[in-house]
Amino acid sequence: MKIKSSLALGAVALAAPLLTSCLGDGDDNREQTLVYNIVNLVTPSNADVKPYMSTGTYSFYLKGSDLTVSTADLMLGTSKSSFVTGETPYTQTVSALGTVISFNGCSGNVNQDSSLPLNNFSGRITSAAYYISTAVPGITGIATPTPVPVLKYNIGNEYTVRTFCRDAYYAGTTTTHYTDKDGNAGSFENKDIVYRAVIDVEKMTADVVIYNAQFAPQQPQKITAMILKALPVETMANGYRITGEDIIPEVVEGAATTPNPKYPFKKFSMTTTSDNLDQVAMEFNVGDRYHGMFSGVYCLF
Amino acid sequence: MSVRCILVLTVLSLWCASSRAQTGAKADSTQVTGLEEVSVVAVKQSSSLRGQPVAASIVTAPQLNHLNVVAIKGLSDVVPNFYIPDYGSRITSTIYVRGIGARIDQPSVGLNVDNVPVLNKNAYDFDLSDMVSVEMLRGPQSTLFGRNTMAGLINIQTLSPMSYQGWRLSVQTATNNPFRGSAGWYHRFGRNFGIAAIASFSASSGFYTNDYDSTKLDRERLFNFRLKAQWNPSRRLRISNAANIGMLRQGGYPYASVQTGKISYNDTCFYHRVTVSDGLTLGYTGDRFSLTSITSYQFISDNLTLDQDFLPLDYFTLMQKQHETGVTQDLVFKPVDDGGIYRWLFGAFAFHRHQNMTAPVTFKNQGISSLIEDHRNSSNPDYPIQWDSRSFVLNSNFRIPTWGLAAYHESRLDLDRWHFTAGVRLDYEHTTLKYHSDCSTGYTIMQTGGGGELTPMRHVPVDIDDRGERSRHFLTLLPKITALYDISADDNVYLNISKGYKSGGFNTQMFSDVLQQRLMGIMGVGASYDIDDVVGYKPEQSWNFEVGAHLDFLGGRLLLDGALFYIYCRDQQLTMFPDGTTTGRIMTNAGKTRSWGGEASLTVKPLEGMALRANYGYTNATFIHFFDGHDNFSGNALPYVPRNTLFLQALYTFPNVTSWLSGLTFDINMKGTGRIYWNEANTLHQNMYFVTGISATFTGRRGDFQVWVRNLNSVSYDTFYFVSMGNEFLQRGRPREIGMTLRINI
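All of the points below concern the structure found in this document. (Residues numbered from 1 in each chain as written. Chains lettered and ligands numbered in written order. Predicted model: local features only at pLDDT ≥ 70, side-chain atom pairs only at ≥ 80, totals over all residues. Heavy atoms only, no water.)

Helices and strands together make up the secondary structure of chain B, namely seven helices and 43 strands. In terms of overall dimensions, chain B is globule-like: its C-alpha atoms have a radius of gyration of 27 Å, near the 27 Å expected for 746 residues. For chain B, the C-alpha atoms occupy an extent of roughly 95 × 60 × 45 Å along the three principal directions. Partitioning the contacts of chain B with sequence separation of at least 6, the portion at a separation of at least 24 is 69%. Surface exposure of chain B reaches about 28,400 Å², of which carbon and sulfur atoms provide 58%. Between the centroid of the 66 positive side chains of chain B and the centroid of its 64 negative side chains there is a distance of 7 Å. (Helix = DSSP H or I, 4+ residues; strand = E, 2+ residues; numbered from the N terminus. Rg over C-alpha atoms; globule rule 2.2 N^0.38 Å. Contact = heavy atoms within 4.5 Å. Areas by Shrake-Rupley, 256 points an atom, 1.4 Å probe, with all protein chains shown as cover. Lys, Arg positive; Asp, Glu negative; His and termini not counted. Charge placed at Lys NZ, Arg CZ, Asp CG, Glu CD.)

To continue, consider the environment of B:Asn615. All names here are of chain B. Structurally, Asn615 is set in strand 34 (residues 610–625). Look at Asn615 and you get buried, because its relative accessible area is 8%. Residues contacting Asn615, with those up to four places away along its chain left out, are Val78, Pro80, Ala600, Ser601, Leu602, Thr645, Leu646 and Phe647. A polar atom in the side chain of Asn615 sits 2.7 Å from the backbone oxygen of Val78. (Buried < 20%, exposed > 50% of the residue type's maximum accessible area, 1.4 Å probe, protein only. Polar contact = N/O pair within 3.5 Å; in protein donor to acceptor, adjacent residues only side chain to side chain.)

Residues B:Trp167, B:Trp185, B:Phe189, B:Phe193, B:Trp231 and B:Ile746 make up a contiguous nonpolar surface patch of about 560 Å² in total accessible area. Residue classification places B:Phe193 among the partly exposed residues on the basis of a relative accessible area of 30%. (Patch = residues over 30% accessible without salt bridge, like charges linked within 9 Å, V, L, I, M, F, W, Y side chains within 5 Å. Salt bridge = Lys/Arg side-chain N within 4 Å of Asp/Glu carboxyl O.)

All names here are of chain A. Across four bridges, strand 16 (residues 223–236) lies against strand 17 (residues 239–247) in antiparallel orientation. Note that in strand 17 the partner of Met236 across the bridge is Gly239. In this structure, the hairpin formed by strand 16 and strand 17 is closed by a connection of two residues. Note that strand 17 and strand 20 (residues 265–272) share six bridges and pair antiparallel. Paired with Arg241 across the two strands is Thr271, which belongs to strand 20. (Pairing = 2+ DSSP bridges.)

What follows is about the nonpolar core. Residue and element names in this part refer to chain A. Ranked by size, the top nonpolar core spans 182 residues in total, and within it Phe103 and Tyr170 carry the most contacts. Per-domain counts for this core show at least three residues from each of domain 1 (10–164) and domain 2 (167–297). In contact with Phe103, not counting residues within four places along its chain, are Phe60, Leu67, Val69, Pro89, Tyr90, Phe121, Ser122, Gly123, Arg124, Ile125 and Leu151. (Core = buried A, V, L, I, M, F, W, Y, C linked by side-chain atoms within 4.5 Å. Domains from an automatic or database assignment.)

Right, let's talk about the sheet that holds strand 1 (residues 55–60) of chain B for a bit. Each strand in a sheet pairs with its neighbour through backbone hydrogen bonds, running either in the same direction (parallel) or in the opposite one (antiparallel). All names here are of chain B. Spatially, the five strands line up as an open sheet ordered 1-7-8-5-6, and their pairing is mixed. Only two strands of the sheet have a single partner each, and these edge strands are strand 1 and strand 6 (116–117). Direction of pairing for strand 5 (residues 109–113) relative to strand 6: antiparallel, over a ladder of two bridges. For Asn112, the partnering residue across the bridge sits in strand 6 and is Pro117.

With that out of the way, let us pick up the side chain of B:Arg138. All names here are of chain B. As for its position among the elements, Arg138 is in strand 7 (residues 131–138). Under the relative-accessibility criterion, Arg138 is labelled buried at 4%. Within the structure, the side chain of Arg138 is placed 2.8 Å from the side chain of Ser57, a separation counted as a polar contact. Polar contacts involving the side chain of Arg138 include one to the main-chain carbonyl oxygen of Pro80, which spans 3.5 Å. Discounting residues that sit within four places of it in the chain, Arg138 has contacts with Val54, Ala55, Ala56, Ser57, Val79, Pro80, Val97, Arg98, Ala151, Gly152, Glu546 and Glu599.

Bringing the packing of aromatic side chains into the picture now. Throughout the structure, instances matching the rule amount to 56 aromatic pairs over all chains. Where A:Phe215 meets A:Phe265, the ring centres are 6.3 Å apart and the plane angle is 80°; that geometry is what we call edge-to-face. Of this pair, A:Phe215 sits in the loop between strand 15 (205–213) and strand 16 while A:Phe265 sits in strand 20; the two residues are 50 residues apart in sequence, bridging distant segments of the chain. Judged by its relative accessible area of 0%, A:Phe215 is buried. Ring geometry for B:Tyr265 versus B:Phe310: centroids 5.8 Å apart, planes at 75°, classification edge-to-face. With B:Tyr265 in the loop between strand 16 (256–257) and strand 17 (270–285) and B:Phe310 in the loop between strand 18 (289–307) and strand 19 (316–335), this pair connects stretches of sequence that are 45 residues apart. Note on accessibility: B:Tyr265 and B:Phe310 belong to one class, buried. (Phe/Tyr/Trp six-rings, centres within 6.5 Å; stacked < 30°, edge-to-face > 60°.)

The next point concerns the sheet that holds strand 42 (residues 727–732) of chain B. Residue and element names in this part refer to chain B. The strand order 16-42-41 describes an open sheet built from three strands, whose pairing is antiparallel. Two strands bound the open sheet, and with one partner strand each, they are strand 16 and strand 41 (718–724). In this structure, strand 16 lies alongside strand 42, joined through two bridges in antiparallel fashion. Residue pairing in the sheet places Ala256 in a bridge with Leu730 of strand 42.

This part takes up unusual backbone geometry. The step from B:Gly674 to B:Arg675 runs through a cis peptide bond, and the omega angle for that step is 0°. Here B:Arg675 lies in the loop between strand 36 (663–674) and strand 37 (676–677). A positive phi angle is found at A:Asp288, which is not glycine, with a value near 60°. Its location among the elements puts A:Asp288 in the loop between strand 21 (279–286) and strand 22 (290–297). You can call A:Asp288 partly exposed: its relative accessible area is 45%.

So, about the environment of A:Lys181. Residue and element names in this part refer to chain A. Its place among the elements puts Lys181 in the loop between strand 12 (167–179) and strand 13 (185–190). According to the relative accessible area criterion, Lys181 is exposed, its value standing at 81%. Lys181 sits 108 residues away from Arg289 along the chain, and the two C-alpha atoms are 9.7 Å apart.

Shown next as structure tokens:
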């Protein structure tokens, strides 16, 4: 009998009502403001300047079937910048899995400077993000899940900005190649493993949590949650990467964690693979016994 | 058997023979002996089941006496496709009919005793004296009899004080079963009121020995008291009441390890039970309508204490105690039969049962080492753990209130030789599980110090205190249509299409495993169970398609009943032992299954005093679709279901042998069962086996004396097989038994 893991994924249903209240009921004067904290990945067009991350807050003012997007703490260089877009139509999709508000073509100027126009502004606010409620000791993540604004826009010819969630859960398929104790090679496909990346933007490090870790069918026990602590985060032109070598994971046990040298991660890497940073690929080597690859997303849609 | 015992029996036999005359028992009778009371089956269906579109077997008192049947397990295989394996203890009444059955929780076959529907399957296995008849209706009876009659219905009627007055005494002794006795007093006050009081007691020393301490495992003491009253204040009104108290103290669970071939375990196993029931039947017959009310109260209190690993090792033990009260009310309203072509009945049924249960599992030294420490340490050997103590308890307490309501109707149209019936029942049931599980223990994580020694790193407390409530409700429509054609007054053929239903509910046995996995989760390993997934299970529903015939040849000298059936079952409830080292059993809904087969019952009386009987059942029951998450069992045979049941019997009575011996009856019979698969993968099975019995009954004017042998050919067979924690166990069938029974009617 298949036993469902108690660490089952759920969508961020809590926030769905906030979005569904915007369902059109024929009243064009209906108003709502949604505010979310997010991380900006800012990529300067100057290739000599490395992309960087900064935390920020976006407000979405919805009135009727239009919305405006604003922020007051977008770091461009070393300065805080702000903008308010004009009204842009949005569409709302509600399903059992969650709610998504989608919009395109928001316009405006950063710092009201016509030389810094907003271009190619696309985005969505989604509540259909994965989440596991079980607390992990020593991890400072987002306590209460909220919907995620996934934005991408250009600022003139100067910058490209993408937003992502600093505490994201990734689900997908892990394929592991292993050699058993008899020397036979095998592969194992597992859709139960969930990965969580919690990024400390200040320190540019990430804690990666691997839930339901099982890398081979004959592995004695499934590990409820193992943590790879303080891995370096590196920005790239169109995304970011988390890597690490020779990591002894910590396993959640009781109210604390215990090192587990039986599963040494000789190498680990996580790289964003989509333009809006919601999709990642991972590779890892556990003690030269398990070679794994993962591809997955943190938003259902 | 002691010499004293033999002498007593011989004296009693002689006394019996010299007493004044009373009519001796006939060699064979298929007629119900003076059933002067309201039977629920007769009210809802008919007192003449051979004239109904149903496959039914009726076993009357003479046959019950010939076979020494005192419990329904004794009829296993005697009735075609009716199989009750004898294993475990009296808490276990696993009945399979036509491939439909259940090992735990809800029964698939309903049981009425003197009209009282027994709600809890834990109370199904009891000894009952002075049974007049046992009716076994095969196929779904859900439309008229409701929940948990998906595979059929057993209706037991005991002797009425209006039919017999005087004393009825019986005593029996046998190898490994030193004593079984009963005394019944039947008295009639005037024409309209009768009362009966029957007490019975049995003591058994058991068949199976625990190799660990050389004690007999399955000793038993069983006491039963029944008080039955019947009052007919007028020709229109009948009132009967049957109250019953039963007390049981039994060892049990003689499971032998397949590896060693021995039964050996070190912790106590027993089953104690007290049952109380009372059933009040009121029947009023007016000029045009009749109304029957059947009200029952039932109480069961039992204690199942188990060495749950069945090994001479300290793994874990279970002490499951429950108290349950239940009330039922059934009302049947129908017109008086005026010979018209249209008849109908309306009915309503309600019940409530409330179950309180505690089921603490005590983990002991070996269990802590093998199931907890080793599992945790295999995943992190560099930081091993040591448990705080070598014994701790996982506590579980449950309250399960369940109630239900049903309304039903049946219409019958008689058109010359054709008889059409259509019925429907709307059945609603609501059940709630309130649970409280707790555990307080802990362990220390060790680390390797500089000198290579293990030192404590930190302590991890394990404090679990989970409370919750789950509810389920089920609403089901249960239709039935039948067509019967009278070939002649005594012969008919029929078609029956009906829906069967077995309630869903909660399997509390899995809670210890839920807790164990929760505990492992605290240690950072394993997969936690979702309570809704492993504890709750859905109702089982089936469609039964059946054609059959009841044929009478040669003026009743040859009776032939036959049926062919096809059953499609959805969400069949199967008991499985989950993977790994868990202990409980999961009730899971196994996708889809189907059964097809047939039954034939032949009774021939070629000569006066001779009766030949053959009952055969064939069931081909397989999974249409069943994937348990690891393996696909589609196409495999259902486990624990015998493919064939066979009963052959030859009786001959020599009449009037002497002036004091009015009859001498020889009986030779054989029961055949199998093949039975023991697992869903069909890799293990029990081949068909045949068990022979013989008896000789000396019938006097006031009773009879019988010597008998069961399993004459000492066949070795297995009645049950299972795997728990990777260990294989089985229970062997009973060896040869030789016994004597004396029955005296004064």
